[in-house]
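Structural overview
Chain by chain, the residues run as shown.
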Amino acid sequence: MLNRFLKYNNRTNIKKVTSIFQKYYYSSSVIPKAPLLINGKFVESETKEYIDVINPATNKKVLQVPQATQSELLAAVQSAKNAFPGWRETPVTQRQRIMFKFLNLLHENTDRIAESIVKENGKTLVDAKGDIFRGLEVVESSCSLTPYMMGETLENLASGQAVDTSTYRQPLGVVAGICPFNFPAMIPLWSLPVALVTGNTYVMKPSEKTPTAFSIMAELFQEAGLPDGVLNVVHGSVDTVNFICDNEDIRAISFVGSNQAGEYIHERGTKQGKRVQANMGAKNHASVLPDADKEGCLNALIGAAFGAAGQRCMALSTCLFVGEANTWMDDLKEKTAQLKVGNGMDPDSDLGPVISKDSYERIHRLIHEGEEKGGEVILDGRNIIVENDEGGNYVGPTLLKLPKDKLNEFECYREEIFGPVLLCIEVDTLDEAIEITNSNPYGNGCALFTGSGAAARKYQHEIDCGQVGINVPIPVPLPMFSWTGSRGSFRGSSHFYGKQGVDFFTQIKSVTTNWPENMVEKGTKISASMPILK
Ligand code: NAD
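First things first, this report covers the structure right here in the doc. Predicted, not measured: the structure shown is a model, and the values here were computed from it. (Residues numbered from 1 in each chain as written. Predicted model: local features only at pLDDT ≥ 70, side-chain atom pairs only at ≥ 80, totals over all residues. Heavy atoms only, no water.)

**Some words on the environment of Lys 357**
The test is simple: The helix count covers DSSP runs of H or I at least four residues long, the strand count covers runs of E at least two residues long, and both are numbered beginning at the N terminus.
Tracing the chain through its elements places Lys 357 in helix H14 (residues 357–372). Remark: the alpha-carbon pair of Lys 357 and Pro 56, spanning 301 residues in sequence, is separated by 7.9 Å.

In structure tokens form, the structure reads like this:
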């Protein structure tokens, strides 16, 4: 019998199937279960506790994710710990070569991974491919990370002696990742390739809502030749997260997700002496000046506000229309209304459903609250029905206009909505737009649309957000830079990927040597005072 998990993952060529799916050929379970990866083997958890993975387009259960048991979690960490000495001694060039093979496999398997993302996350197929591609770029850059990994040397530090000092970057050991649902491929790849190339071993916890993309990628890492134990995959929710925070063998945690979870994980993990980098929630403000290219600006706003149904941490969720740009709202409405909401596998869909019924209801509640408190719903995406997917969590693009002087009275303004809702606000000046943006506690991203270099210069200098776009709606830096969300959107000291990613996953060792040509003369007086290196 062809197993459901095999079909689920779109693997039809049985001969090519590796261990991850073999278990499932013969499985009699109706709904497949996500496997753990421990010490190079994909295994079914022995737990009795499962979390359902629900297709947001249908609200039907498609997979079950185990809450890994304590002994499975310990085994995953032990396997990473055992693999560490061998992996850190593997030449960095060899580690990069494995990454390079993985990169090719990722290209070849993009369709399969993308389909799993559509099924579990709901985003459109083309957007799911973008999710993979942006992760793939981090993999590409990790294939040539060595310049960032080099140390420094200074020679001749004491006169009459041969004292030199060098620094080396060395891996930390076992590190862990905790991921959100919204980018099932890209976000695990923000940290994993950098951690592996720098010589660490890894325990990954994908989101319990969208685990399959990473299961497939873990399989591809095996095909690429990653030694057993270097990458382990565990599943679960809060219990697994608490285990990762508390386990003494895990040296660092890369977290991406909400503020509620991120602040908690940062506090709990750092209390245990771990490094923690936590990328968290956002409320990204766009500012539009009347001298901007109107057509380009409105198209960019719409893509950034409603793509992935607004479930991107860099989605533009608030737009400040400055001066006469206020008059553009009618055109914004007309263009936005043309977006097609539908199943992610339908090539005509511009946006799919939101992740869960809870999220669907919360978004409806927030729009309702905004309206009740005096906001004006310019375009209403509530209660829409998508043919053939009547049970799905579909919310249409919504434009909600709020009064600028009462913003903090609106929960929909204070909180991240994480849905296809763009808050529109009229302001008089660029200064006012900057002031409102800077007063918001989040600092992930922002964007200015303008035709003026002077306005752009002022904005990029004065705005207090970590990632700034000038006529660029989603200013996500490519991986030769680092992700630089700030203020309430980030906890930690080193950011994800790029130079800062290498900083996060390495510790610096300095070595001071003295190799004189002539031995110390007999009878030289011993000194117990601090040496002065003249
Ligand atoms: P989430 O915080 O609910 O889940 C993220 C991870 O944390 C999951 O693996 C989950 O198991 C775990 N988790 C959830 N609640 C927890 C708790 N109470 N205690 C311990 N662990 C917990 O986030 P999500 O809903 O999956 O993702 C959406 C959020 O992620 C949004 O807030 C979005 O802005 C944010 N995000 C931020 C970035 C960024 O780079 N700043 C990128 C993507 C997503």
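**Describing the site of the ligand**
To be explicit about the condition: Any residue with a heavy atom positioned within 4 Å of a molecule or strand is treated as near that molecule or strand. The definition of a polar contact used here is a pair of N or O atoms within 3.5 Å, where within protein one atom must be able to donate a hydrogen and the other to accept one, and adjacent residues in sequence count solely through side-chain atom pairs. Residue-level accessible areas treat just the shown protein chains as cover; the underlying method is Shrake-Rupley with a 1.4 Å probe.
Neighbouring the ligand are 25 residues, the closest being Cys 179, Glu 208, Ser 258, Met 280 and Glu 416. Here an oxygen atom of the ligand and a backbone polar atom of Phe 181 are 3.0 Å apart. Gly 257 places a polar main-chain atom, nitrogen or oxygen, 3.3 Å from an oxygen atom of the ligand. Compared with its free state, where it exposes 840 Å², the ligand has 88% of that area covered by protein. Within the residue set of the shell around the ligand, elements represented by two or more residues are helix H10 (238–246), strand E10 (250–256) and helix H11 (259–271).

**Section: helix H4 (residues 92–108)**
To keep things clear, this is the line we draw: A helix is expected to span 1.5 Å multiplied by its residue count minus one. Three exposure classes are used, based on accessible area relative to the maximum for each residue type with a 1.4 Å probe and protein chains only: buried under 20%, partly exposed in between, and exposed over 50%.
Taking 1.5 Å of rise per residue, the 17 residues of H4 would be expected to cover 24 Å, and the 25 Å separating its terminal C-alpha atoms lies within 8% of that figure. The complete set of buried residues in H4 reads Arg 95, Gln 96, Ile 98, Met 99, Phe 102, Leu 103, Leu 105 and Leu 106.

**Quick notes on helix H16 (residues 430–439)**
Here is the rule: The arc refers to the directions leading from the helix axis to the C-beta atoms.
For H16, the full list of buried residues reads Leu 430, Ala 433, Ile 434, Ile 436 and Thr 437. Down the axis of H16, the buried side of the element spans an arc of 165°, and every buried residue falls inside it. Those residues of H16 that are exposed and angled more than 90 degrees off the buried face are Glu 435 and Ser 439.

**As for the packing of helix H5 (residues 110–121) against helix H6 (residues 125–142)**
Any two packed helices are characterised by how steeply their axes cross, that is the angle between the axes, and by the distance between the axes. So the rule is basically this: Angles run from 0 to 180 degrees between N-to-C directions of axes, and those axes are lines fitted to C-alpha atoms, restricted for helices to the stretch in contact. Left-handed is the label given to a crossing in which the near helix is rotated counterclockwise from the far helix by less than a right angle, and right-handed is the label when the rotation is clockwise. Two residues form a contact once any of their heavy atoms are found within 4.5 Å. Amino acid classes used here: Ala, Val, Leu, Ile, Met, Phe, Trp, Tyr, Cys and Pro are nonpolar; Asp, Glu, Lys and Arg are charged; the rest, including Gly, are polar.
Following both chains from N to C, one finds H5 and H6 inclined at 120°, their axes separated by 8 Å at the closest point. In terms of crossing hand, the pair formed by H5 and H6 is right-handed. Contacts between H5 and H6 involve Thr 110, Asp 111, Ile 113, Ala 114, Glu 115, Ile 117 and Val 118 on the former and, on the latter, Leu 125, Ala 128, Lys 129, Asp 131 and Ile 132. Counted by class, the contact of H5 with H6 contains seven nonpolar, one polar and four charged residues.

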